[in-house]
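Residue strings, one per chain:
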Amino acid sequence: MFRFLMTNKFYEVSARQWFTLDSVEIIQDDEKFAKFNVSDISAPAEYSFHCQLVGTSNLYPARLVPANNEAKNWDIFISRLQIQGFNIENNQFSYASDCTGFFTPGIWMGLVTSVILLWILTYGIHMIMQLTTNSRFDDPKGPALSVPQTE
């Protein structure tokens with residue numbers, strides 16, 4: 001059996017209630033067997049929380065950190081976790097606050113590359129705009145044009 005321990009707290013900055021999943025306990029034979037502290041699982045109380053991958057690996061966006069010696073023996077992987085502890089209506093989840101950020105590494109790479117290429121284009125256009133033509137040209141029928149070498 002799994003036990004999810006959550007808190008509901010009011011934050012003045014956002015002026016709303018937020019729930020936080022504090023820990024997950026695995027219970028076997030009516031005694032606490034393994035306890036995991038949870039990082040980065042929170043959402044406004046009127047929403048649910050959804051994450052594609054939750055587990056003990058460092059690669060997952062939401063992580064379960066072993067809190068006792070028994071928990072260190074477990075390797076947990078939860079796929080498509082959706083949880084809501086408060087303000088449940090009609091036995092359905094509310095709108096989900098997702099654990100993945102909007103800016104993935106691919107989006108960051110694209111944005112940085114675009115900014116660099118835009119800067120190169122701007123610099124090139126600026127340099128082309130600074131080009132000037134000679135103010136005088138050599139007339140082949142007239143005397144040779146002399147350009148002094150000193151200023």
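Scoring rules and cut-offs
Residues numbered from 1 in each chain as written. Predicted model: local features only at pLDDT ≥ 70, side-chain atom pairs only at ≥ 80, totals over all residues. Heavy atoms only, no water. Salt bridge = Lys/Arg side-chain N within 4 Å of Asp/Glu carboxyl O. Helix = DSSP H or I, 4+ residues; strand = E, 2+ residues; numbered from the N terminus. Buried < 20%, exposed > 50% of the residue type's maximum accessible area, 1.4 Å probe, protein only. Polar contact = N/O pair within 3.5 Å; in protein donor to acceptor, adjacent residues only side chain to side chain. Contact = heavy atoms within 4.5 Å. Core = buried A, V, L, I, M, F, W, Y, C linked by side-chain atoms within 4.5 Å.

Right, let's talk about the pattern of salt bridges for a bit. Two side chains carrying opposite charge are able to pair once their charged atoms lie near each other. Counted by the stated rule, this structure contains two salt bridges. A salt bridge links Arg3 to Glu25; its shortest N-O distance comes to 3.2 Å. Highlighted residues: Arg3 in strand E1 (residues 2-11) and Glu25 in strand E2 (residues 16-28), separated in sequence by 22 residues. Here Glu46 ties to Arg16 by a salt bridge, and the two come within 3.3 Å at their closest N and O atoms. One end of the pair, Glu46, is in the loop between strand E4 (42-44) and strand E5 (48-55); the other, Arg16, is in strand E2, and 30 residues separate them in sequence.

Turning next to unusual backbone geometry. Here Ala15, not a glycine, exhibits a phi torsion of approximately 60°, which is positive. By relative accessible area, which is 55% here, Ala15 ends up exposed. In this model, Asn90 sits at a positive phi of 60°, which is unusual for a non-glycine residue. The class of Asn90 is exposed, set by a relative accessible area of 73%.

On to the side chain of Gln84. Along the chain, Gln84 falls in the loop between strand E7 (77-83) and strand E8 (96-98). From its side chain, Gln84 meets the backbone nitrogen of Ser94 in a polar contact 2.9 Å long. In this structure Gln84 touches Met6, Phe19, Ala45, Glu46, Tyr47, Ser48, Gln92, Phe93 and Ser94, once residues within four positions along its chain are discounted.

Formed by 18 residues in total, the largest nonpolar core has its most connected members in Leu21, Phe36, Val38, Ile41, Phe49, Val54 and Leu64. For this core, the secondary-structure elements that each account for two or more residues are E2, strand E3 (31-39), E5, strand E6 (62-66) and E7. In terms of residues, this core owes the most to one element, E2, which gives four residues. Those residues within four positions of Ile41 in sequence are excluded, and the remaining contacts are Phe19, Thr20, Leu21, Phe49, Val54, Ala62 and Leu81.

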